[in-house]
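A closer look at the structure
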Amino acid sequence: MNIVIPEAPGPVGLYGFARPRPERAAELEKLLLSFVEPTRREPGSLQYQVHRDAADPTTLVFYELWRSADDLRRHLAVPELARFGETRMDYLREDLEIHWLAPLSADEAAPRPS
């Protein structure tokens, strides 16, 4: 998957769906959750969440908000994320589905959870 990040001034948001292979579902969930805390500490990370789809509990949903497209590019180059990008289809029954957002109300000054 070649992720093409839209060029836009200001924050960049996205949400996506990860639909795991049934035999790898627990492993994928654990892996995605392991990215949460380190990602939240990265420069430019405004929000990073992993959810389970309430209508389809086999689907994991992620939401990210970044200060800029460059911050998101740096995030995707982190070794653990780059490795996941290369091996993701070992876990997924179909490729990640990503939707780009143009935040209208992002507040970079909002307090970050500790």
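Computed from a predicted model, the values in this text were never measured in an experiment.

This paragraph deals with the confidence of the model for the chain. For the chain, per-residue confidence averages 90 on the pLDDT scale, and 91% of positions sit at 70 or higher. Low confidence marks residues 109-114, where pLDDT is under 50. Its contacts with residues over four positions away, or in another chain, come to five contacts.

Okay, the environment of S68 next. When you line up the elements, S68 lands in the loop between β3 (60-66) and α3 (69-77). Separated by 24 residues in sequence, S68 and G44 place their C-alpha atoms 6.9 Å apart. With sequence-adjacent residues up to four places away left out, S68 is seen in contact with G10 and V12.

So, about the packing of α3 against helix α4 (residues 79-87). Helix packing geometry: the angle between the two helix axes and the distance between the axes. The N-to-C vectors of α3 and α4 enclose an angle of 75 degrees; their axes lie 5 Å apart at closest approach. In terms of their interaxial angle, α3 and α4 are classed as roughly perpendicular. Side by side, α3 and α4 meet where H75, L76 and A77 of the first sit next to P79, L81 and A82 of the second. Its residues assigned to classes, the contact of α3 with α4 shows five nonpolar, one polar and no charged.

Cut-offs applied
Residues numbered from 1 in each chain as written. Predicted model: local features only at pLDDT ≥ 70, side-chain atom pairs only at ≥ 80, totals over all residues. Heavy atoms only, no water. pLDDT = per-residue confidence, 0-100. Contact = heavy atoms within 4.5 Å. Helix = DSSP H or I, 4+ residues; strand = E, 2+ residues; numbered from the N terminus. Axes fitted to C-alpha atoms, helices over the stretch in contact; angles between N-to-C directions. Parallel < 35°, antiparallel > 145°, perpendicular 65-115°, else oblique. Nonpolar A, V, L, I, M, F, W, Y, C, P; charged D, E, K, R; others polar.

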